[in-house]
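# What the coordinates show
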Amino acid sequence: MIKQIISLADEKMKKSISVLKHELGTLKAGRANVSMLDRLRIESYGSLVPISQVANVSSPEARVLLIQPWDKTTMKEIEKAILKSDLGLNPSNDGSAIRLIIPELTEETRKNLLKTVKKTGEEAKVAIRSIRRDANDKIKALKKNSEITEDEVKKSEDIIQKETDKFIKEVDQLIDTKEKEIMSV
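So, a few notes on the structure that sits alongside this text. The structure displayed is predicted, hence computed values, not measured ones. (Residues numbered from 1 in each chain as written. Predicted model: local features only at pLDDT ≥ 70, side-chain atom pairs only at ≥ 80, totals over all residues. Heavy atoms only, no water.)

In this section: the overall build of the protein. Of regular secondary structure, the protein possesses four helices and six strands. Starting at the N terminus, the α and β elements of the protein follow one another as α-β-β-β-β-α-β-β-α-α. Relative to a compact globule of 185 residues, whose C-alpha radius of gyration would be 16 Å, the protein shows 22 Å and is clearly more extended. C-alpha atoms of the protein, sized along the principal axes, occupy 70 × 40 × 25 Å. (Helix = DSSP H or I, 4+ residues; strand = E, 2+ residues; numbered from the N terminus. Rg over C-alpha atoms; globule rule 2.2 N^0.38 Å.)

Now the structure itself:
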């Protein structure tokens, strides 16, 4: 039972890291990144779908995203989605593809991005600590029901704390990497 609790906590912590990586990937850091468009959805054939499901998205240059829709009738929808988004980019349509030029970041934009990165990292840490607390509560409940001993509780809590520390350190590394990426001119 203890192994299941620890394993479940570990899986949830891994998912938190995965979500953090995805969130950081969608932030524009002065460089073109195809995952910047992951959050954008367009109306296509009666349902909302991500742009990546209706077009080939690539980055032929460091600051350019190229969107090549498979069905040219979706170009207007893609353009609308980009303009409505918080990306602050102007699509350039040449009839067969849409180009997005990522502007250089201003100092103010960099500072705002850093705040967002730190906030996102802090949210990931809170999520990981919450998972730790839930796992520890489940273990204490087993002790309360006399299913495990006090020594097993202590050992389990130590294991969970080590896992938590490992994932918190990984969050810090991801945040540091993203900060360096944003601050590099």
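Now, onward.
Looking at where T164 falls in the secondary structure, it is placed in helix α4 (residues 150-183). A relative accessible area of 1% places T164 in the buried class. The residues contacting T164, other than those within four sequence positions of it, are M13, I128 and R132. (Buried < 20%, exposed > 50% of the residue type's maximum accessible area, 1.4 Å probe, protein only. Contact = heavy atoms within 4.5 Å.)

Right, let's get into the sheet that holds strand β5 (residues 91-93). Across the sheet, four strands lie side by side as β3-β4-β6-β5; this open sheet has antiparallel pairing. Of all the strands in the sheet, the pair left with one neighbour each is β3 (55-61) and β5. Neighbour-to-neighbour, the strand axes of the sheet open up by a mean angle of 25 degrees, direction not taken into account. When β3 meets strand β4 (residues 64-69), the two strands line up antiparallel, connected through five bridges. Within the sheet, the bridge partner assigned to S58 lies in β4 and is L66. Against the sheet, helix α2 (residues 75-84) touches β3, β4, β5 and β6 (98-101), its axis set at about 160 degrees to β5. (Pairing = 2+ DSSP bridges. Axes fitted to C-alpha atoms, helices over the stretch in contact; angles between N-to-C directions.)

With that out of the way, let us pick up the pattern of salt bridges. Oppositely charged side chains may form a pair once their charged atoms are brought near each other. Summed over all chains, the structure comprises eleven salt bridges. Notably, a salt bridge pairs K80 with E77, separated by 3.6 Å at the nearest N-O pair. Placement of both K80 and E77 in helix α2 is noted, with a separation of three residues, approximately one turn of the helix. When its relative accessible area of 43% is taken as the criterion, K80 is described as partly exposed. Among the residues examined, E77 registers a relative accessible area of 27% and is labelled partly exposed. For the salt bridge of E163 with K166, the shortest nitrogen-to-oxygen distance reads 3.4 Å. One end of the pair, E163, and the other, K166, are both in helix α4, three residues apart, so they sit about a helical turn from each other. The exposure class of E163 is partly exposed, given its relative accessible area of 21%. (Salt bridge = Lys/Arg side-chain N within 4 Å of Asp/Glu carboxyl O.)

We now examine the packing of helix α3 (residues 107-144) against α4. It is the contact of α3 with α4, at a shortest axis distance of 10 Å, that shows an interaxial angle of 170 degrees. One way to sum up the angle between α3 and α4 is to call them roughly antiparallel. Looking at the contact of α3 with α4, its residues break down into 15 nonpolar, five polar and 13 charged. (Parallel < 35°, antiparallel > 145°, perpendicular 65-115°, else oblique. Nonpolar A, V, L, I, M, F, W, Y, C, P; charged D, E, K, R; others polar.)

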